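# Remarks on the overall topology
Here's the letter readout for the chains.
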Amino acid sequence: MTSSSIRKLRALSYPHNPRDAVVNDEDRIRQLIYWVEDSKIRHLESSRRKELLGENSKEAIESYLKSLKCPYGFGRFPLAVVDWLLSCAIKLEYNTNKDKISDDVTTHDAMECEECAPLDVNTPQFKDGVNILRDYLRIPSHHDYLQVLKACRILIENRLNPNFAVSSSDKMTMGLTELGFDLKDNGLNEGAKVLRLLHIEELRALQTQINECIVSAQAQTANPKTDTSLGKVGRG
């Protein structure tokens with residue numbers, strides 16, 4: 001079954017696992033067609049819906065599809081038939097419940113606005129989140145969780161840099177960071193590594209600014225014009 005059909009079954013609150021609903025098994029496909037018709041579309045009279053599962057179910061389904069003007073035939077394209085019927089069912093569900101759906105969307109948007117409100121970085125929940133991220137990135141603990149968060153940001157930005165070479169030798173891990181001295185305390189050594197990481201990032205940012213200044217200066221002094229009568233060199 002296609003991912004589209006799976007999403008449609010979930011949207012229609014299909015009572016079973018959508019991934020198991022449609023396989024290359026005619027019996028299951030007939031049962032699914034019956035479920036869609038009986039619970040969602042309701043095109044046939046209730047007394048005739050069982051015909052979709054009866055001995056002459058193939059003929060009944062073909063007749064049913066023709067009455068709905070389905071562009072696919074059950075014999076050749078059973079999965080396409082199912083997906084088309086699910087689309088019809090969703091349209092009917094929307095037309096029936098569009099006012100409620102609109103209210104739900106408005107409520108959901110309001111909830112999203114609340115979730116996007118400014119974070120309070122002093123809450124225990126925020127600190128716990130920083131620690132979870134730190135553990136995931138394998139960054140050592142530090143008493144200042146905001147500095148740890150900054151270190152996480154630096155590490156992530158380096159990972160997302162398009163110029164970053166993805167190889168085992170280029171991986172930026174605290175375990176491979178050389179401190180250059182020993183403070184005789186593991187906690188102090190790890191904290192110093194975090195500070196070194198932050199310092200290196202600041203130096204990189206400064207180098208980027210210096211490069212931008214050099215480029216700007218070169219743009220101003222490139223291709224000078226010479227006026228020999230004035231004995232000056234520069235732009236005209």
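Look above for the structure.
Residues numbered from 1 in each chain as written. Predicted model: local features only at pLDDT ≥ 70, side-chain atom pairs only at ≥ 80, totals over all residues. Heavy atoms only, no water.

With 14 residues, helix 5 (residues 124-137) should cover 20 Å at 1.5 Å per step; its first-to-last C-alpha distance of 20 Å lies within 8% of that length. All of the buried residues along helix 5 are Phe-126, Val-130 and Arg-134. The buried residues of helix 5 occupy an angular sector of 80° when projected down its axis, which confines them to one face. Those residues of helix 5 that are exposed and aimed more than 90 degrees away from the buried face are Pro-124, Gln-125, Ile-132 and Tyr-136. After helix 5 finishes, the residue Arg-138 shows a positive phi value of roughly 60°. (Helix = DSSP H or I, 4+ residues; strand = E, 2+ residues; numbered from the N terminus. Expected span 1.5 Å × (residues − 1). Buried < 20%, exposed > 50% of the residue type's maximum accessible area, 1.4 Å probe, protein only. Arc of directions from axis to C-beta.)

Counting 25 residues, the largest nonpolar core has Leu-32, Ile-33, Val-36, Tyr-64, Leu-65 and Leu-85 as its most contacted members. Going through the elements one at a time, helix 2 (26-41), helix 3 (57-67) and helix 4 (78-115) are the ones with two or more residues in this core. In this view, Val-36 contacts Ile-41, Leu-85, Leu-86 and Ala-89; residues no more than four positions away in its chain are not counted. Core analysis: the next-biggest nonpolar cluster, separate from the first, contains twelve residues, Phe-126, Val-148, Cys-152 and Val-194 among them. (Core = buried A, V, L, I, M, F, W, Y, C linked by side-chain atoms within 4.5 Å. Contact = heavy atoms within 4.5 Å.)

Here the focus is a nonpolar patch on the surface. A surface patch of nonpolar side chains, amounting to about 340 Å² of accessible area, comprises Leu-203, Leu-206, Ile-210 and Ile-214. Locating Leu-206 in the fold gives a position in helix 7 (residues 186-221). We classify Leu-206 as partly exposed; its relative accessible area is 44%. (Patch = residues over 30% accessible without salt bridge, like charges linked within 9 Å, V, L, I, M, F, W, Y side chains within 5 Å. Areas by Shrake-Rupley, 256 points an atom, 1.4 Å probe, with all protein chains shown as cover. Salt bridge = Lys/Arg side-chain N within 4 Å of Asp/Glu carboxyl O.)

In total, this model carries three aromatic pairs according to the counting rule given. For the ring pair Tyr-72 and Phe-77, a centre distance of 6.4 Å and an interplane angle of 70° mean the geometry is edge-to-face. Judged by relative accessible area, Tyr-72 falls into the partly exposed class, the value being 37%. Accessibility expressed as a relative area gives 40% for Phe-77, which makes it partly exposed. Here Phe-126 and Tyr-145 contribute two aromatic rings whose centre-to-centre distance is 6.3 Å and whose plane-to-plane angle is 70°, an arrangement assigned as edge-to-face. Placement of Phe-126 in helix 5 and of Tyr-145 in helix 6 (residues 145-160) is noted, with a sequence separation of 19 residues between them. Tyr-145 shares its class with Phe-126; the two are buried. (Phe/Tyr/Trp six-rings, centres within 6.5 Å; stacked < 30°, edge-to-face > 60°.)

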